[in-house]
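Observations on the model geometry
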Amino acid sequence: MARVFRVGLIQLMVSTNKNDNLHRIHKFVREAAQQGAKLISLPECFNSPYGTKFFKAYSETVPGTTTQVLSDIAKENKVYLVGGSIPEVADGKLFNTCTVFDPEGSMIAKYRKMHLFDIDVPGKITFRESDVLSPGNEFATFDTPYCKVGLGICYDVRFPELAQAYCKRGCQLVIYPGAFNTTTGPVHWELLQRSRALDNQIYVATCSPARDKTADYITWGHSTVVDPWGRVMSTCDEKEQIVYADIDLNYLDEVRSQIPVTAQKRYDIYDGVFKSSNN
Ligand SMILES: O=C(O)CCC(=O)C(=O)O
């Protein structure tokens, strides 16, 4: 089993034109594959603008048109493709959904955002995904020949328990397609990724849309990969580009043997508190 492999994060400039977005990811995935990336991620909401007023109009079923394109692109380029997220319609509800395809083009995972982005920072940003979206209720992981991968979407990175659950299930990498903003992004985006990576001694990768200053929601950008020591391996600014990093599972093992917190956890003590609804 290969112990070192390259990931590529496509920080796409998402437009209001779905076909154009789908066309452009094709070009970027091909470029990333040519640069040796074996696992490639797209951003949250890569085929629609990010905003509650857009989700219904851009929503699709899974499987559907967009997932067929993802499958074809994964197969053509022989890569694992994490399809960022799209607004999914199912049973009369809308979800923020990530699908993953293997190098044969088969869908091997589907994750619906579990923690919806509802915040109110007076004078800065108020956002309520729950006005239109329903939350998912299931973890999603997938296996590759390199490592096991867990999935979260954007706001999910604020919840340590999700990454911890993936770590406990054997994931060595957690990928969060995400679209932070210029209010929370500057202080929280990198700090949260480094925290999740360090807490669990895993690799963490985030993939954002590029910043469109004319959009209703201005994204932070800065797609990033953090290593199990909590160090930023690779990052970027807000412009459209691809971020690469070489994930090394030997290094992950080294960090875990040097500071064995993952083996030292006292679930025998914490579990009672987390199971109880009281503090
Ligand atoms: O948590 C944040 O500050 C941003 C989250 C977000 O943009 C999202 O969940 O889409």
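Here's what I pulled together on the structure shown here. Position numbers for residues count from 1 along each chain, tracking the sequence in the order it is written. A pLDDT threshold of at least 70 governs which residues receive local features in this predicted model, and a stricter bar of 80 or more applies before side-chain atom pairs are shown or counted, although totals over entire chains, interfaces and linings include all residues. Excluded from the side-chain calculations are hydrogens and water; all other atoms, namely the structure's heavy atoms, are used.

What follows covers a nonpolar patch on the surface. On the surface, Trp229, Ile259 and Val261 cluster together to form a nonpolar patch covering roughly 240 Å² of accessible area. Every helix listed is a DSSP run of H or I at least four residues long, and every strand listed is a run of E at least two residues long, numbered separately from the N terminus. As for its placement among the helices and strands, Ile259 is situated in the loop between helix H6 (249-258) and helix H7 (261-264). Every patch collects residues that have over 30% relative accessible area and no salt bridge, joining them within 9 Å if they carry like charges and within 5 Å if they are nonpolar side chains (Val, Leu, Ile, Met, Phe, Trp, Tyr). Accessibility throughout is a Shrake-Rupley quantity obtained with a 1.4 Å probe, and a residue counts as covered only by protein chains that appear here. Salt bridges are counted wherever a side-chain nitrogen of Lys or Arg sits within 4 Å of a carboxyl oxygen of Asp or Glu.

On to the site of the ligand. Close contacts around the ligand come from Glu44, Tyr50, Lys113, Phe117, Cys154, Tyr155, Arg158, Ala179, Phe180, Asn181, Thr184 and Tyr217, and that covers them all. Polar contacts here mean pairs of N or O atoms no more than 3.5 Å apart (in protein, one a potential hydrogen donor and the other a potential acceptor; neighbouring residues in sequence count only if both atoms are side-chain atoms). In this structure, an oxygen atom belonging to the ligand sits 2.7 Å away from a side-chain N or O atom of Arg158. Here Tyr217 contributes a side-chain N or O atom positioned 2.8 Å from an oxygen atom of the ligand. Across the complex, the protein chains shield 100% of the 300 Å² of accessible surface that the ligand would expose by itself. Gly is put with the polar residues, along with every residue not named as nonpolar or charged; the nonpolar set is Ala, Val, Leu, Ile, Met, Phe, Trp, Tyr, Cys and Pro, and the charged set is Asp, Glu, Lys and Arg. Looking at side-chain class alone, the shell around the ligand contains seven nonpolar, two polar and three charged residues. To be near a molecule or strand, a residue needs just one of its heavy atoms within 4 Å of it.

Using the criterion set out here, one finds 16 salt bridges in the structure. Across the salt bridge formed by Arg30 and Glu76, the nearest N and O atoms sit 3.4 Å from each other. Here the residue Arg30 occupies a position in helix H1 (residues 18-34), and Glu76 occupies one in helix H3 (residues 65-77), the gap between them amounting to 46 residues. Relative accessibility under 20% of the residue-type maximum defines a buried residue, over 50% an exposed one, and the middle range a partly exposed one, all with a 1.4 Å probe and only protein chains included. Classification of Glu76 as partly exposed rests on a relative accessible area of 42%. When salt bridges with common partners are traced through the structure, they connect Glu44, Lys113 and Glu129 into a single cluster.

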